[in-house]
Amino acid sequence: GVAGLVAQRFTSAQRKAPGPIDAQQLRQVRFAARDGLATIAASYLPVPRSAGPTKGAVVFVHGKDSCRGDELKGNTAELAARFNEAGLAVLMIDLRGHGHSSRARLTYGQRERFDVLGAVDWLRAQGHARIGVLGASMGAASTLLAAADEPAICCVVADSAFCDFGQMIQRQFRKLSRLPGIVLPGALAIGREI
């Protein structure tokens, strides 16, 4: 029973709604994740005509328990504006289970990578050929997994991705649950099934 409660906690995101992003040209969009199991909510900032030709696009991907506009644990609207002024369109996404995207269990990048790939598909449909991705924490892990699957991703910035899921979950387990490590194997087994 305790392992089940722990699994529930570790696979559930704490939804956070995106705050307002002050940009006149900002468009709210929705698209399917590449695996077809989630609908992704996003904010799209196209390059203004005054900035000249579009040089490409950047996808911003947040971490666990966060949302678009809060990718780097702070408002990223200014960073998006700077990219935009440099001729890059910006697409800020809510990963599945977060923000205004479909409800879903956390998989720490395994399924969330399909959300990033869906963003790439959407940007390509808008005519963008050069696409970069900036991800933080779980968003960085999702980004790295997506980049391994998609050659259209030509640039990656991965801030604070975990390199070993097992080590990361052991540290988080001890920190968040304050339970003995003997509960972790059962929680992981149940987490894989729910």
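For the structure itself, look to the data block above.
Values in this document were obtained by computation on a predicted structure and should not be read as measured data.

(A) Summary view of helix α4 (residues 138–149). The end-to-end C-alpha separation of α4 is 17 Å, in line with the 16 Å expected for twelve residues at 1.5 Å each. Listed as buried for α4 are M138, G139, A140, A141, S142, T143 and A146. Looking at the packing, one finds that the buried side of α4 touches β3 (56–61), α3 (113–125), β5 (131–136) and β6 (153–159).

(B) Here's a closer look at unusual backbone geometry. The phi dihedral of Y108 falls on the positive side, at around 55°, and the residue is not glycine. The topology assignment puts Y108 in the loop between β4 (88–93) and α3. Despite not being glycine, S160 shows a phi value in the positive range, around 65°. With respect to the helices and strands, the residue S160 is situated in the loop between β6 and α5 (165–177). Take S160: its relative accessible area is 55%, and that puts it in the exposed class.

(C) View of the nonpolar core. Counting residues in each nonpolar core, the largest one holds 39 residues, and the members touching the most others are F31, V59, L91, I93 and L123. Residues within four places of V59 in sequence aside, it is in contact with L91, I93, A119, L123, I131, G132, V133 and L134. Within the second largest apolar cluster, nine residues are counted, among which are L45, V90, M92 and L134.

(D) Structural context of the environment of V2. Note on placement: V2 falls in helix α1 (residues 2–10). Given the relative accessible area of 46%, V2 is considered partly exposed. Separated by 184 residues in the primary sequence, V2 and G186 place their C-alpha atoms 8.9 Å from one another. Apart from the residues lying within four places of it in its own chain, the contact partners of V2 are L179 and V183.

(E) Structural context of the sheet that holds strand β2 (residues 39–45). Taking strand neighbours across the sheet as the criterion, the six strands line up as β1-β2-β4-β3-β5-β6 in an open arrangement whose pairing is mixed. Only two strands of the sheet have a single neighbouring strand rather than two, namely β1 (27–32) and β6. Strand-to-strand twist in this sheet, taken as the mean axis angle between neighbours without regard to direction, amounts to 25°. Bridge analysis of β2 against β4 gives four bridges, and the strand direction is antiparallel.

(F) Local environment of α3. Counted at 1.5 Å a residue, the expected span for α3 with its 13 residues is 18 Å, and the 18 Å between its end C-alpha atoms agrees. Among the residues of α3, those classed as buried are R113, D115, V116, L117, G118, A119, V120, W122 and L123.

Cut-off values and rules
Residues numbered from 1 in each chain as written. Predicted model: local features only at pLDDT ≥ 70, side-chain atom pairs only at ≥ 80, totals over all residues. Heavy atoms only, no water. Helix = DSSP H or I, 4+ residues; strand = E, 2+ residues; numbered from the N terminus. Expected span 1.5 Å × (residues − 1). Buried < 20%, exposed > 50% of the residue type's maximum accessible area, 1.4 Å probe, protein only. Contact = heavy atoms within 4.5 Å. Core = buried A, V, L, I, M, F, W, Y, C linked by side-chain atoms within 4.5 Å. Pairing = 2+ DSSP bridges. Axes fitted to C-alpha atoms, helices over the stretch in contact; angles between N-to-C directions.

These figures capture arrangement, not role.
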